[in-house]
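Analysis of the macromolecular model
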Amino acid sequence: MIGLISATAAGAAARDRLAAAWPDRTRVYGGPVADAVRAAFAECDRLVCFLATGAVVRLVAPLLHGKADDPGVVCVDEAGRFAVSLLGGHGGGANELAREVGEVLGAEPVVTTATDAVGLPGLDTLGLPVEGDVAAVSRALLDGEAVALRAEVTWPLPPLPVAEEGAYTVRVTDRLVEPADGEAVLRPPTLVVGVGASKGAPVEEVLGLVEDALREAGLSAASVAELATVDAKAGEPGLVEAARRLGVPLVTHPAEELARVTVPNPSDAPLAAVGTPSVAEAAALVGGGELLVPKRKSAGSVDSPAMATCAVVRRPGRGRLAVVGLGPGARDLLTPRARDELRRASVLVGLDQYVDQIRDLLRPGTRVLESGLGAEEERARTAVEEARRGQAVALIGSGDAGVYAMASPALAEASDDIDVVGVPGVTAALAAGALLGAPLGHDHVSISLSDLHTPWEVIERRVRAAAEADLVVTFYNPRSRGRDWQLPKALAVLAEHRTPATPVGVVRNASRVDESVRLTTLAALDPATVDMMTVVTVGNTATREIAGRMVTPRGYRWQEETR
């Protein structure tokens, strides 16, 4: 919950705007300001104070406990010009909150956290448990000192400016080790603990078994990703509570799926009870990996037999491939999610001219693999190979990466051994449509006229089908120096079903500095004025030019009324 505190009418007005925008995330604290701050500080995860920073410093100073416990605090000035991350920038979430507040109120976020200021990912912002000399290692990264990366297990990380050797170290491990001086230890969620339990197994027995198994194997509980068991035990109280205390999900699998997993220690008892010869080992191994701790039972006693079993598997490190659409070119049409993925990636793969568009958004240390036109399949293979090596990869394309871009060849190469994330972007058709008016207001289709990958006979058949179906048509790749006859042919097919006065929109370099927008007709369009940077949108029989804009009504009532 985010506590909102104000002292003046101007502050209250901004406070109320934020409360209206986030009704389920915020709580307004009224009354004397000092009392409101104390109450919100104790009850909320984050605070937004519409007060001077000096006043907030004096009010929260007596309340501070420690970096790991204090809520994030953001201050907004009376004029609503700035949203200042004052306290708990990373751990308390104040840096991100300042940015969010700025978006709602139109305020400039002010973030002074050193790593944020220079574009380095903070070690405490990677979503992984971190321990050790975090402050010293972060300072060394900021100062450009040599920091070594020791990755004992594979896990995708954002770019870090690391060296092969250095006085400081970032260590990535799931082993139970004490950080050395000058060392920060990241704990990736690589361990799956399979658990089986008799009905009524006490949570203390389950937890004790798991903790003992991890400790004796030299493994860190901070790297446990999940407890896994059979579906029949999904509601077993001891397992449910054990997962809650460990702070991980309880993941269940059907007995028939577990029965297909080859395990070293099958047993008749679970086969009779739940339909699989193994629960603990099979549940841990169902996703693959290395069995680090074979099945073991809880201690039990003379009066009470063992009621729980567990096994521990290190799952294979999974790389991450984000296929990112950059939009049509304008920076303000690049989505926030795309920006986040660009900054998250340790490896960027893309066409050289697209890389140039967003190079300034990359974090220091990002490895860039760029190539020229015509190497789409090579780029897709490269991106997938890098992800399979455990990297966090962004593969970029213009517009939406799934529309005539890189998602298709990349996903044709990718198997289920990597995580794939699609990041949508604004397509050229949408950008052109917004400039023209509303040409896509009814059913429409996009067709590429490039016959480099598709035979012309197939393309022509699709154009004819769109013409007969009375669809608005957007042509991609309409004309190049070596392909100058396809567009006239396609327009001729449409002309068999549309009048010469049918509106046609011609948009070149939509959203870029040299964009051009022209509205003409099917009869008047000169194909020689079109090139590969142009999108051509041909209306249907209902499309009209209204006040210089191209409009396709959502229904056909307008067409009937004009007859």
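Read on for an overview of the structure.

Right, let's talk about the overall build of the chain for a bit. Summing up its helical and strand segments, the chain has 19 helices and 28 strands in all. Considering only C-alpha atoms, the chain reaches an extent of 95 × 70 × 55 Å along its principal axes. Per-residue burial over the chain gives 47% buried out of 563 residues. Put simply, 64% of the contacts in the chain that link residues at least 6 apart link residues at least 24 apart. Working note: accessible area of the chain is about 26,300 Å², and carbon and sulfur atoms make up 51% of it.

Pairing is parallel in the open sheet, where five strands are placed in the order β18-β17-β19-β16-β20. Either end of the sheet is taken by a strand with one partner, and the two such strands are β18 (367-371) and β20 (419-423). Strand-to-strand twist in this sheet, taken as the mean axis angle between neighbours without regard to direction, amounts to 15°. Pairing geometry for strand β17 (residues 347-351) and strand β19 (residues 392-397), over three bridges, is parallel. Opposite Leu348, over in β19, you have Ala394 as the bridge partner.

On to the sheet that holds strand β6 (residues 108-110), then. The strand order β2-β1-β3-β4-β5-β6 describes an open sheet built from six strands, whose pairing is mixed. Edge positions in the sheet fall to β2 (26-29) and β6, since each of these pairs with one other strand and no more. With direction set aside, neighbouring strand axes in the sheet form an average angle of 25°. Across four bridges, the pairing between strand β3 (residues 46-50) and strand β4 (residues 72-76) is parallel.

Rules and cut-offs
Residues numbered from 1 in each chain as written. Predicted model: local features only at pLDDT ≥ 70, side-chain atom pairs only at ≥ 80, totals over all residues. Heavy atoms only, no water. Helix = DSSP H or I, 4+ residues; strand = E, 2+ residues; numbered from the N terminus. Buried < 20%, exposed > 50% of the residue type's maximum accessible area, 1.4 Å probe, protein only. Contact = heavy atoms within 4.5 Å. Areas by Shrake-Rupley, 256 points an atom, 1.4 Å probe, with all protein chains shown as cover. Pairing = 2+ DSSP bridges. Axes fitted to C-alpha atoms, helices over the stretch in contact; angles between N-to-C directions.

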